[in-house]
Amino acid sequence: MHERKKIMADSSRGFVALPGGYGTLEEFAEVTTWTQLAIHKKPVVLLNILGFYTPIRAFIESAIEAGFILESNRSLIVFVDAPEGEAATFDWGAAALKAIEDWEARGMGGGVAFSLEWADGKAPGVYSELCRSGERHRDPENGRWIVCEAQDLKLGLLFTVASVATSVAGLPTGMVLDKLGPRTSTIIGAVLVALGAASFGAGYQSPAVDSYLIGYFLIAIGGPLVCLSSFHLSNAFPAHAGVVLAAVTGSFDASSIPFVIYEWVYRSKEVSLRRFFWGYLIIPLSLIIEQTLIAPEETYQRQAPTKSTEHVPTETDPLIPPPEASLDPENLAASMIASGFSQIHLTAQDDEGLVTALKSKDTLTGTLYGMTAVEQLKTSWFWALTFFVAVHMTRINFYILSIDTQLQDFTGSRETAESLTRIFSVMLPIGGIAGIPVVGLLLDRLPFLHVMLVTLGLGVAFGVFGMTGSVALQIVGFGAFVVFRPLLYTAVSEAVAKIMGFKSFGTIYGAAMTLAGFVALLNVPLDVLVKSVLKSYIPVDLAFLALGIVSSGTVAFLIWRQTKLSQ
């Protein structure tokens, strides 16, 4: 009997059941479970003649309400009803064929096989179980899953926790790097990323454990360890340290490229989350191998001249300080006003050398030199910079977590919003790479006051254009955003290095980023406020725009005042 049914199933395009008894019930139930288990992908059509299968339809609804059948799998069985009063003349055969064609066109009728959903993590979306009955469905225009409000809020929380973890981990990450060195720190970061990818791919959820949240958190704290551990590579190219560091920052932004590719593959080939994230393990594992076999054990450093009789350094030796004459500002890196990190690794061995070399080129350099880290934490400079980075970090993260729904609100079209979101997803990593020379030149050639004004302008541009319904202006806003983001973070490190000096850089920079990370937790209640009360992103976006102008203007004013005082 089973062999006969298997032959029929293999040879058929779908299954149509007329009213019948136990045998009919058993047969259409079995082939439905075969679809559910991904043994095949074929529709089951019940011809509901004179309401015969109405009790079966009611049973399915009851099972969905009770949680025994997934909401998304309601459509594995298709019911065909005749128009009222036309049962006797209705063309049931043509209707059955039409139902099969429609089911195939919608991709399993919108249903999801267990072997793809539970075993491989493929579902109507992560956290789709939070949606109420009837909320989980595909867009009839493009067949993509529509995210419900509860699911969207939970995904926003996931992103916020990860972004805050990345920021708050800045201080301990710096301490680990200082203590263990770049090789060990990178390996630790790669292990955390690998564990995070494995956890995210597992897709396990229970009242006590959420592997998505755990995985995202581990990736969030592992990534900065890998990124920050690469900064010392700029020491190997001292005359171009600013560009090298911009390249590291840009590469960090570009690390999202695999996920952009996965989104495209997911939409076209429906590759599961589990397969992608477990395949993604090759990246952290490659890092571990590279660090173990190739990377230097010690940090690249520019050692001070030594009186050792064993070897007298010469100008041809790599990674050593230049002769004293090269500290003259006119000769320094081809008269470039080096960025903060460039200054740290370029020529000066301490804060005195930094100020001596660059004070005439940028009066901001060494403003708080001589103070302890504790004293610097109490200054208006520290709090202005912290206010600046906290506002913009929160603003950036809120924009990223809500961009799809914001675009829907401003353009009035879900399809347009999805297209723009895909464009943004591509522009973000590409902008990180393309922005490397832009950020490097801005920081290396312009006075810092001008850098801050450029940052202010880009922040205003993406804020204003992001609140329009024009597709063209939205894309222009994306362009401003993808340059603004890396410039912002690099400018903050630039300011801390120039103003505070590098002796206290780790403490000051880590403290500012940690405080900003805690402020970014506001994104969760803000997201709830918009979706539940305001029903519009304009009030929040305007508030962020105003705070961005105030915070950028505050730092710019302090720089201008310091310039005047130094004249």
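Heads up: the structure comes first, above all this text.
Residues numbered from 1 in each chain as written. Predicted model: local features only at pLDDT ≥ 70, side-chain atom pairs only at ≥ 80, totals over all residues. Heavy atoms only, no water.

Asker: How do you make sense of the overall build of the chain when you look at a structure like this?
Answerer: When you go through the chain residue by residue, the secondary structure sums to 22 helices and 3 strands. Scored against the burial criterion, the 567 residues of the chain give a buried share of 48%. At a minimum sequence separation of 6, the contacts of the chain that also span at least 24 residues come to 74%. With the model as given, the accessible surface of the chain reaches about 26600 Å², and the carbon-plus-sulfur share is 66%. (Helix = DSSP H or I, 4+ residues; strand = E, 2+ residues; numbered from the N terminus. Buried < 20%, exposed > 50% of the residue type's maximum accessible area, 1.4 Å probe, protein only. Contact = heavy atoms within 4.5 Å. Areas by Shrake-Rupley, 256 points an atom, 1.4 Å probe, with all protein chains shown as cover.)

Asker: Looking at this structure, I do not really get the nonpolar core. What am I missing?
Answerer: Side chains that are nonpolar tend, in soluble globular proteins, to be buried together. In terms of nonpolar packing, the biggest core is built from 51 residues, with Trp381, Phe424, Phe448, Phe481, Ile499 and Met500 touching the most fellow members. Of all elements in the fold, only helix H16 (380–411), helix H17 (414–445), helix H18 (448–465), helix H19 (471–500), helix H20 (505–519) and helix H22 (538–566) reach the threshold of two or more residues within this core. Broken down by element, this core gets its largest block of residues, 14 residues, from H16. (Core = buried A, V, L, I, M, F, W, Y, C linked by side-chain atoms within 4.5 Å.)

Asker: Can you help me understand a nonpolar patch on the surface in this one?
Answerer: Together, Tyr204, Val209 and Ile214 make up a nonpolar patch on the protein surface, roughly 260 Å² of accessible area in all. Tracing the chain through its elements places isoleucine 214 in helix H8 (residues 211–228). The exposure class of isoleucine 214 is partly exposed, given its relative accessible area of 39%. (Patch = residues over 30% accessible without salt bridge, like charges linked within 9 Å, V, L, I, M, F, W, Y side chains within 5 Å. Salt bridge = Lys/Arg side-chain N within 4 Å of Asp/Glu carboxyl O.)

Asker: Quick question: what am I supposed to make of the packing of aromatic side chains here?
Answerer: Pairs of aromatic rings are described using the distance from one ring centre to the other and the angle between the two planes. Using the criterion set out here, one finds 20 aromatic pairs in the structure. With a centroid separation of 4.9 Å and an interplanar angle of 85 degrees, the aromatic rings of phenylalanine 90 and tryptophan 92 are classed as edge-to-face. A relative accessible area of 22% places phenylalanine 90 in the partly exposed class. Using a relative accessible area of 12% as the deciding quantity, one classes tryptophan 92 as buried. With a centroid separation of 5.0 Å and 80 degrees between ring planes, the pair formed by phenylalanine 462 and phenylalanine 481 is classed as edge-to-face. Here phenylalanine 462, found in helix H18, pairs with phenylalanine 481, found in helix H19; they are 19 residues apart in sequence, far enough to count as distant. What makes phenylalanine 481 buried here is its relative accessible area of 0%. Among the aromatic residues, those joined into a ring-pair cluster are Tyr127, Phe200, Tyr212, Tyr216, Phe276, Phe277 and Tyr280. (Phe/Tyr/Trp six-rings, centres within 6.5 Å; stacked < 30°, edge-to-face > 60°.)

Asker: I tried to follow the packing of helix H6 (residues 149–168) against H8 on my own but got confused; where do I start?
Answerer: Each pair of packed helices gets described by two things: the angle between the helix axes and the distance between those axes. Orientation of H6 relative to H8, taken along the N-to-C sense of each, is 30 degrees, at an axis distance of 8 Å. Classified by the angle between their axes, H6 and H8 sit roughly parallel to one another. As H6 runs across H8, the sense of the crossing is right-handed. On H8, the residues touching Leu158, Phe159, Val161, Ala162, Ala165 and Thr166 of H6 are Tyr212, Leu213, Tyr216, Phe217, Ala220, Ile221 and Pro224. Taken together, the residues of the contact of H6 with H8 sort by class into 12 nonpolar, 1 polar and no charged. (Axes fitted to C-alpha atoms, helices over the stretch in contact; angles between N-to-C directions. Parallel < 35°, antiparallel > 145°, perpendicular 65-115°, else oblique. Left-handed = near helix turned anticlockwise from the far one by under 90°. Nonpolar A, V, L, I, M, F, W, Y, C, P; charged D, E, K, R; others polar.)

Asker: Would you mind showing me how to read the packing of H6 against H16 here?
Answerer: At their nearest, the axes of H6 and H16 sit 10 Å apart, and the two run at 155 degrees to each other. In terms of axis orientation, H6 runs roughly antiparallel to H16. At the point where H6 passes H16, the crossing takes the right-handed sense. Every residue of H16 that contacts H6 at Asp152, Gly156, Phe159, Thr160, Ser163 and Ser167 is listed here: Met393, Asn397, Ile400, Leu401 and Thr405.

Asker: Help me understand the side chain of threonine 32, please; the structure alone is not making it clear to me.
Answerer: You can see threonine 32 is positioned in helix H2 (residues 22–36). In this structure threonine 32 comes out as buried when scored by relative accessible area, which is 13%. When residues no more than four places from it in sequence are discounted, the contact partners of threonine 32 are Val44, Leu76 and Ile77.

Asker: Can you help me understand the sheet that holds strand S3 (residues 77–80) in this one?
Answerer: The pairing of strands in a sheet comes from backbone hydrogen bonds and takes either a parallel or an antiparallel form. Strand order across the open sheet formed by 3 strands is S1-S2-S3, with parallel pairing between neighbours. Unpaired on one side and paired on the other, strand S1 (15–17) and S3 mark the two borders of the sheet. The mean angle between the axes of side-by-side strands here comes to 25 degrees, regardless of whether they run parallel or antiparallel. Sheet analysis places S1 next to strand S2 (residues 44–47), joined by 3 bridges and oriented parallel. (Pairing = 2+ DSSP bridges.)

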